[in-house]
Amino acid sequence: MAFGFAAASGTASVDLSVDQQRRVAAGEVVVLDILPPGATTSAGGGTAIALVRAAPERVWSVLVDYRGHPRYYPRVVSAEVVEADAQHALVRYEVGIGPFSFGFYMIKYPDPVRRRIDWHLDPNRPNNFFRENSGYWQVEPAEGGSLVIYAIAVRTIVPGFLTHGAERQSLVDTIKKLRKLLED
């Protein structure tokens, strides 16, 4: 089984090693040290790749159900679509961390033909805790379901050494919760 994925430009491709392919096929969430296109070098994050035992159309429908994002994004307590058309959606998220919560606005760009959603913070709205948050979801058909690729780049008001690794763990946690939602 061979896996690969295209970068946002559509021209570059990064292939998984034989070991990474084996791990994905065995059900692991493989995290790579690859930030989404346009990310700053000071951002944390990466790219996670995993198999989900659900048809690509079903995975896609869950990903574009923005109001339903609290079902699988860790710490997201609400998601409200502020505006939407065929080319984009502006979503206000509320995230809870301990006793605190804060809101931020993401502009989402769904491409149903490619089953890809790119996003970034809305620079014209208050984003409180975040200085940078961008990424993408990509869904590809695979034997037994879908190959799901989830990439994030995050920078917050908290110094990076205090949050180091949290973004990478959130990649794994998000995909595991998405799997549970789709496979149960």
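Refer to the structure presented above.
Residues numbered from 1 in each chain as written. Predicted model: local features only at pLDDT ≥ 70, side-chain atom pairs only at ≥ 80, totals over all residues. Heavy atoms only, no water.

*Asks:* Any chance you could explain the side chain of Ser146 here in plain terms?
*Replies:* Here Ser146 lies in strand β10 (residues 145–156). At a separation of 2.7 Å, a polar atom in the side chain of Ser146 contacts the main-chain carbonyl oxygen of Ala54. The residues contacting Ser146, other than those within four sequence positions of it, are Ala50, Leu51, Val52, Ala54, Ala55, Pro56, Val59, Val139 and Glu140. (Helix = DSSP H or I, 4+ residues; strand = E, 2+ residues; numbered from the N terminus. Polar contact = N/O pair within 3.5 Å; in protein donor to acceptor, adjacent residues only side chain to side chain. Contact = heavy atoms within 4.5 Å.)

*Asks:* So what exactly am I meant to see when it comes to helix α1 (residues 18–25) here?
*Replies:* Counting along an α-helix, one turn takes 3.6 residues, and residues three or four places apart therefore face a common direction. Buried residues of α1: Gln20, Gln21 and Val24, and no others. Buried residues along α1 cover an arc of 100° about the axis, so they all sit on one side. On its buried face, α1 sits against β3 (30–32), β4 (44–52) and β10. Gly27 occupies a position one or two residues after α1 and carries a positive phi of about 105°. (Buried < 20%, exposed > 50% of the residue type's maximum accessible area, 1.4 Å probe, protein only. Arc of directions from axis to C-beta.)

*Asks:* How should I be thinking about the pattern of salt bridges in this particular structure?
*Replies:* Any two side chains of opposite charge can pair, so long as their charged atoms come close to each other. A full pass over the atoms with the stated rule returns 12 salt bridges. Asp19 is the partner of Arg22 in a salt bridge, and the nearest nitrogen-oxygen pair spans 2.5 Å. Taken as a pair, Arg22 and Asp19 lie in helix α1 at a separation of three residues, close to a single helical turn. For Arg22, a relative accessible area of 49% translates into the label partly exposed. (Salt bridge = Lys/Arg side-chain N within 4 Å of Asp/Glu carboxyl O.)

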